[in-house]
Amino acid sequence: MTDRTEQKPSETAKDATAENAAADIDANGRIDWHSPQMLARLRRRHAANRRMKFIGLAAILLAAGLLSILVGSLLKSGLPAFRQTFITLEFDLKPELVKPDNMRRGKWRKIVKEGLLRALPEDMRNNRKLKRKVLKIVSRSAPYALRDHVMKNPHLVGRIIPFDVLASDPYDQFNKGLLPEYVGAGERKRPNPKLGGPEVVRAFRVLKEQKRVSLPFNWGLFFNADSRLPEAAGLAGAIVGSFLTLLVTFLISFPTGILAAIYLEEFAPKNRFTDFVEININNLAAVPSVVFGLLGLSLFIGFFGVPRSTPLVGGMVLSLMTLPTIIIATRAALKAVPPSLREAALGVGASHHQMVFHHVLPVAMPGILTGAIIGMAQALGETAPLLLVGMNAFIPDISNMGITEPATALPTQIYSWADSPERGFVSRTAAAILVLLGFLLAMNTLAIWLRQRYSTKW
Amino acid sequence: MTMTKNRDITRQAATTNDVASPVCGGECKFITRDVNVFYGEKQAIFDVSLDIPDRSVMALIGPSGCGKSTYLRCLNRMNDLIDICRVEGTFLLDGEDIYSGAIDPVLLRARVGMVFQKPNPFPKSIYENVAYGPRIHGLAKNKADLDEIVETSLRKAALWEEVKDRLDAPGTGLSGGQQQRLCIARAIATRPEVILMDEPASALDPIATARIEELIDELKENYCIVIVTHSMQQAARVSDRTAFFHLGRLIEEGPTEQIFTAPREKQTQDYITGRYG
Ligand SMILES: Nc1ncnc2c1ncn2[C@@H]1O[C@H](COP(=O)(O)OP(=O)(O)O)[C@@H](O)[C@H]1O
Ligand SMILES: [Mg+2]
């Protein structure tokens, strides 16, 4: 066949049958399965097969490649944030500095500074320039961390105690090799100003030689609340906020969605009104999420007075989004239940509602749960509607979070961190995205597992 | 579903049939008169009147698409489930009009059990398959009672010996023939008076088919059985009376022997001699 016919498969097929019919079939009506035309046709069919396979494989490789570029770049910038630089120092808790009767007024900065200087050799300790800037090595949160530790353990006052303090963000980055010691090139090469000067870098090197600098797994990323200091900032508030928001979403959309779907699929009369409802549910699933955010802002907050920035209003807005997903998934799952099962139930005299609740629903449940989990996973990653209802509050303390308290969620936390200029937040943003992807992956795995584990075997 | 036929006619039919019908010899389980069934605009059954005697097997035969299943499903109102289906005519079960509202369809289906073409056990345990009907109809006073119903039903369906050690196993794990007997046990469990069977053996191998036929032979001692079959041999083997349908009409009905040896109608003759169908 020529190229022209290759491009027009329908014509090819017609041509082939017309022109080859006579050649393949002899006068007796017997088919010659080995005629050149027959073999050529067979070759073309196999070639088409191979072409299809190749195109499919290429598409999959392209998709896999793009995905691995995405995940790869996230891992590259995010993985360092899963470890955090700590410095082990001895602190002299002199009563006159600690002020045991009111530790909040204690001179903690001074204690930390002395702790740092104690660890350094004589000449450095007396360097006045270093003395002024040595605190650059540790996080500005270090004095508070030490204070909280001592307030919890008052018997330590008067002793010299070892304690791990966070390194400051520049020194954390420096320690991970992400921040260069010098900036500029050639003539204009100079010490990196973020590190506070060559003498501070030298002091840090000494601490490192003394094995005081460690780089353990960063539990703080998961268990710390948010902070203005990247080295101290964690996702605890966002995780709790996302959990509370999804809880609200689930409690609203799961029962409502399932009941609506059951009614529409099993009980509603088929008329114009139910057709209209059905079309609108499908449309609802296609509405951009930011619109739901605006609706939530004007309706839930503006009209009903639901408190702003709270998981309650966030969950309400997200349930508007998951509701159609759950309704559609549930209806599909109900539709997939074989009619023979319905007949079996009705055949022994089950009423309509017994048929639905005793037989159809249990069989449809894995599909329904799968749909619900996928809807929840979508909701977990949704950002725009949450920003619109103000769910990107700064939560430096997670002790009093609740569904009616201001909160943030994982995607909005990512959004806030991505907006922060500090270098530490760059890798923390990537790390937070990885955490979010981890949660999504876990939820989707759960959905697949549920479907395989509980789907009915016929 | 609408019943357009006048209720008065229904009542009349009921009273006239209190007098023993010649067909049933005084024991008619079902009396159906002037049955017309429509799927939307399309009529599937035309003016069928048929009497079905108790404690015997009535076979419905005829070529594919002639309305055997449609007629059968009218007898326990399974056609109610099909939105576009409209049933007209009179159906009397023991003289009671089953479409009048005097009998709730839910209770009707306990009294008129059904076995389908493809075995369709619930995806639940064997025990639960049989126990479900009695439970929803409140036929068992307690667990022991229910156990007994399950056992007797499975025994009557000739399945007990094969499954008594694995009542908790899923019913869907049985072989095709066993599944169909489980469905028969499930139908029996609600103590029906009539059992409708729509080609119950068409999905089974010959050995399983033979077991089902044996079973039908035993069950007719106590039940009125209406069986649709596409196999004339099967009709000849298991039934006492046979009704031949063609293009939605009842062509001929009579004792099975007579239908197969001396049919009155030429169409019947043609069908049973294999000239069409
Ligand atoms: N659910 C349905 N909707 C529309 N037409 C149907 C339906 N079921 C059966 N029919 C039609 O009714 C006629 C009789 O069907 P059926 O009773 O199933 O025949 P049989 O069981 O004798 O093969 C056929 O023409 C079929 O196309
Ligand atoms: Mg049929």
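Residues numbered from 1 in each chain as written. Chains lettered and ligands numbered in written order. Predicted model: local features only at pLDDT ≥ 70, side-chain atom pairs only at ≥ 80, totals over all residues. Heavy atoms only, no water.

Undergrad: Looking at this structure, I do not really get the pattern of salt bridges. What am I missing?
TA: Side chains that differ in charge, positive against negative, can pair when their charged atoms come close. Residue and element names in this part refer to chain B. Going through the model one piece at a time under the given rule, you end up with 33 salt bridges over all chains. For glutamate 88, the salt bridge identified is with arginine 86, shortest N-O distance 3.0 Å. Note on arginine 86: relative accessible area 26%, which makes it partly exposed. Here glutamate 151 makes a salt bridge to arginine 155, at a shortest N to O gap of 2.7 Å. Placement of both glutamate 151 and arginine 155 in helix H5 (residues 143–156) is noted, with a separation of four residues, approximately one turn of the helix. Connected through shared salt-bridge partners, Lys29, Asp94, Glu96, Arg111 and Glu193 make up one network. (Salt bridge = Lys/Arg side-chain N within 4 Å of Asp/Glu carboxyl O. Buried < 20%, exposed > 50% of the residue type's maximum accessible area, 1.4 Å probe, protein only. Helix = DSSP H or I, 4+ residues; strand = E, 2+ residues; numbered from the N terminus.)

Undergrad: Help me out: how do you make sense of the interface of chain A and chain B in this one?
TA: How big an interface is tends to be expressed through the accessible area that disappears when the partners come together. Facing 18 residues of chain A, the contacting portion of chain B comprises 21 residues. Of the roughly 1,700 Å² buried at the junction of chain A and chain B (both faces included), carbon and sulfur atoms supply 64%. Three residues stand out in chain A for area buried against chain B, namely Glu343(A), Leu346(A) and Val348(A), and they jointly supply 34% of the buried area on that side. At the boundary of chain A and chain B, one finds one salt bridge. The partner of Arg73(B) in a salt bridge is Glu343(A), and the shortest N-O contact between them spans 2.9 Å. Here chain A and chain B share six residue pairs in polar contact (both at pLDDT 80 or more) between them. Contributing elements (two or more residues each) for the side of chain A that touches chain B: helix H16 (339–347) and helix H17 (352–381) of chain A. It is H16(A) that provides the largest number of residues to the side of chain A that touches chain B, a total of seven residues. (Contact = heavy atoms within 4.5 Å. Buried area = accessible area lost by both parts, 1.4 Å probe. Polar contact = N/O pair within 3.5 Å; in protein donor to acceptor, adjacent residues only side chain to side chain.)

Undergrad: Looking at this model, I keep getting lost on the environment of Leu434(A). Mind explaining?
TA: Residue and element names in this part refer to chain A. By secondary structure assignment, the location of leucine 434 is in helix H20 (residues 423–454). Take leucine 434: its relative accessible area is 15%, and that puts it in the buried class. Considering only alpha carbons, one finds leucine 434 and valine 71, 363 residues apart in sequence, at a separation of 8.4 Å. For leucine 434, the residues in contact, after removing those within four places along its chain, are Leu74, Leu75, Gly78, Leu79 and Phe82.

Undergrad: For this particular structure, what's the right way to read the pairing of strand S7 (residues 194–198) of chain B?
TA: All names here are of chain B. Extensive coverage of S7 is indicated by the burial of five of its five residues. Neither face of S7 is exposed, since Val194, Leu196 and Asp198 on one face and Ile195 and Met197 on the opposite face are all buried. With four bridges connecting them, strand S6 (residues 112–115) and S7 associate as parallel partners. Residue pairing across strands places valine 112 opposite valine 194, the latter belonging to S7. Sheet topology places S7 next to strand S8 (residues 224–228); five bridges connect them, and they run parallel. If you follow isoleucine 195 over to S8, its bridge partner there is isoleucine 225. Crossover handedness for the path S7 to helix H8 (residues 206–219) to S8: right-handed. (Pairing = 2+ DSSP bridges. Right-handed = clockwise from strand over helix to strand, strands pointing away.)

Undergrad: What should I look at first to understand the packing of aromatic side chains in this one?
TA: All told, the structure shown has 17 aromatic pairs over all chains when counted by the stated rule. With centroids separated by 5.8 Å and ring planes inclined at 40 degrees, the aromatic side chains of Trp417(A) and Phe425(A) adopt a geometry described as tilted. There is no split in this pair, since Trp417(A) and Phe425(A) are both buried. Pairing Phe122(B) with Tyr132(B) gives two aromatic rings, centres 5.5 Å apart and planes at 80 degrees, and the pair type is edge-to-face. With Phe122(B) in the loop between S6 and helix H4 (126–136) and Tyr132(B) in helix H4, this pair connects stretches of sequence that are 10 residues apart. One exposure class covers both Phe122(B) and Tyr132(B), and it is buried. Joined through ring pairs, the aromatic side chains of Phe82(A), Phe217(A), Trp219(A), Phe222(A) and Phe223(A) make up one cluster. When the ring centre of Tyr182(A) is taken as reference, the NZ or CZ atom of Lys189(A) above it lies at 5.1 Å. The ring of Phe46(B) has Arg249(B) sitting right over it, with the charged end atom 4.5 Å from the ring centre. (Phe/Tyr/Trp six-rings, centres within 6.5 Å; stacked < 30°, edge-to-face > 60°. Lys NZ or Arg CZ within 6 Å of the ring centre and 35° of its normal.)

Undergrad: In this structure, what is going on with the sheet that holds strand S5 (residues 213–214) of chain A? I would like to understand it.
TA: Whenever strands of a sheet pair, they do so through backbone hydrogen bonds, lying parallel or antiparallel. Residue and element names in this part refer to chain A. Taken together, the three strands give an open sheet; going across it, the order is S2-S1-S5, and neighbouring strands pair in antiparallel fashion. The two strands at the open ends of the sheet, each matched to only one other strand, are strand S2 (160–166) and S5. Taken together, the seven bridges between strand S1 (residues 86–92) and S2 define a ladder with antiparallel strand orientation. Note on S2: the bridge partner recorded for leucine 89 is phenylalanine 163. The sheet contacts of helix H8 (residues 142–152) involve S1 and S2, and relative to S2 the element is tilted by about 135 degrees. (Axes fitted to C-alpha atoms, helices over the stretch in contact; angles between N-to-C directions.)

Undergrad: Looking at this model, I keep getting lost on the side chain of Thr310(A). Mind explaining?
TA: Inspection of the secondary structure assignment puts Thr310(A) in the loop between helix H14 (289–303) and helix H15 (311–335). Other than its neighbours up to four places away in sequence, Thr310(A) contacts Met391(A), Ile403(A), Thr404(A), Glu405(A) and Pro406(A).

Undergrad: Just checking my understanding: could you explain the sheet that holds S7(B) for this structure?
TA: Residue and element names in this part refer to chain B. Pairing is mixed across the open sheet formed by six strands, whose spatial order is S6-S7-S8-S3-S9-S10. Two strands bound the open sheet, and with one partner strand each, they are S6 and strand S10 (249–255). In this sheet, neighbouring strand axes are inclined to one another by 15 degrees on average, regardless of whether the strands run parallel or antiparallel.

Undergrad: Where do I start with empty space enclosed by the protein in this structure?
TA: Taking a probe equal in size to a water molecule and rolling it over the atoms shows the remaining empty space. Residue and element names in this part refer to chain A. If you walk through the whole model with that rule in mind, you get one cavity of 30 Å³ or more. As a volume, the largest cavity reaches approximately 30 Å³. Of all the elements in the fold, those that place two or more residues in the lining of the largest cavity are helix H12 (236–267) and H17. Looking at which element gives the most residues to the lining of the largest cavity, the answer is H12, with three residues. (1 Å grid on protein atoms, 1.4 Å probe; cavity = no way out; pocket = protein on both sides within 12 Å on 5 of 7 lines; lining within 4 Å. Points joined across faces, edges and corners; volume = space filled by probe spheres on them.)

Undergrad: Can you help me understand the site of ligand 1 in this one?
TA: Residue and element names in this part refer to chain B. Near ligand 1, the surroundings consist of Tyr39, Lys42, Ala44, Ser64, Gly65, Cys66, Gly67, Lys68, Ser69, Thr70, Ile82 and Ile84. Between ligand 1 and the protein, one listed contact pairs a nitrogen atom with a side-chain N or O atom of tyrosine 39 at 3.4 Å. Cysteine 66 has a polar backbone atom sitting 3.3 Å from an oxygen atom of ligand 1. Starting from 550 Å² of accessible surface for ligand 1 in isolation, the protein chains cover 65%. Going through the elements one at a time, strand S2 (42–53) and helix H2 (68–74) are the ones with two or more residues in the shell around ligand 1. When residues in the shell around ligand 1 are grouped by element, the largest group, three residues, is from H2. Residue composition of the shell around ligand 1, grouped by class: five nonpolar, five polar and two charged. (Near = heavy atom within 4 Å. Areas by Shrake-Rupley, 256 points an atom, 1.4 Å probe, with all protein chains shown as cover. Nonpolar A, V, L, I, M, F, W, Y, C, P; charged D, E, K, R; others polar.)

Undergrad: Please explain the domain arrangement of chain A as it appears in this structure.
TA: All names here are of chain A. One can read the domain layout of chain A as domain 1 (83–217) and domain 2 (236–454). Placing the centre of domain 1 and that of domain 2 at their C-alpha centroids yields a distance of 46 Å. At the interface, five residues of domain 1 touch five residues of domain 2. Taken together, the two surfaces of domain 1 and domain 2 that pack against each other cover about 390 Å², and 37% of this comes from carbon and sulfur. Applying the counting criterion to the domain 1 and domain 2 interface returns three residue pairs in polar contact (both at pLDDT 80 or more). Looking at the side of domain 1 that touches domain 2, its residues break down into two nonpolar, two polar and one charged. (Domains from an automatic or database assignment.)

Undergrad: Would you explain the layout of surface pockets in this entry?
TA: Space inside the largest pocket adds up to approximately 650 Å³. Taken together, 24 residues line the largest pocket, and the ones lying closest to its centre are Glu266(A), Arg342(A), His352(A), Met355(A) and Leu81(B). Of the residues forming the lining of the largest pocket, the biggest block, four residues, is contributed by H16(A). Grouping the amino acids of the lining of the largest pocket by side-chain chemistry returns 12 nonpolar, two polar and 10 charged.

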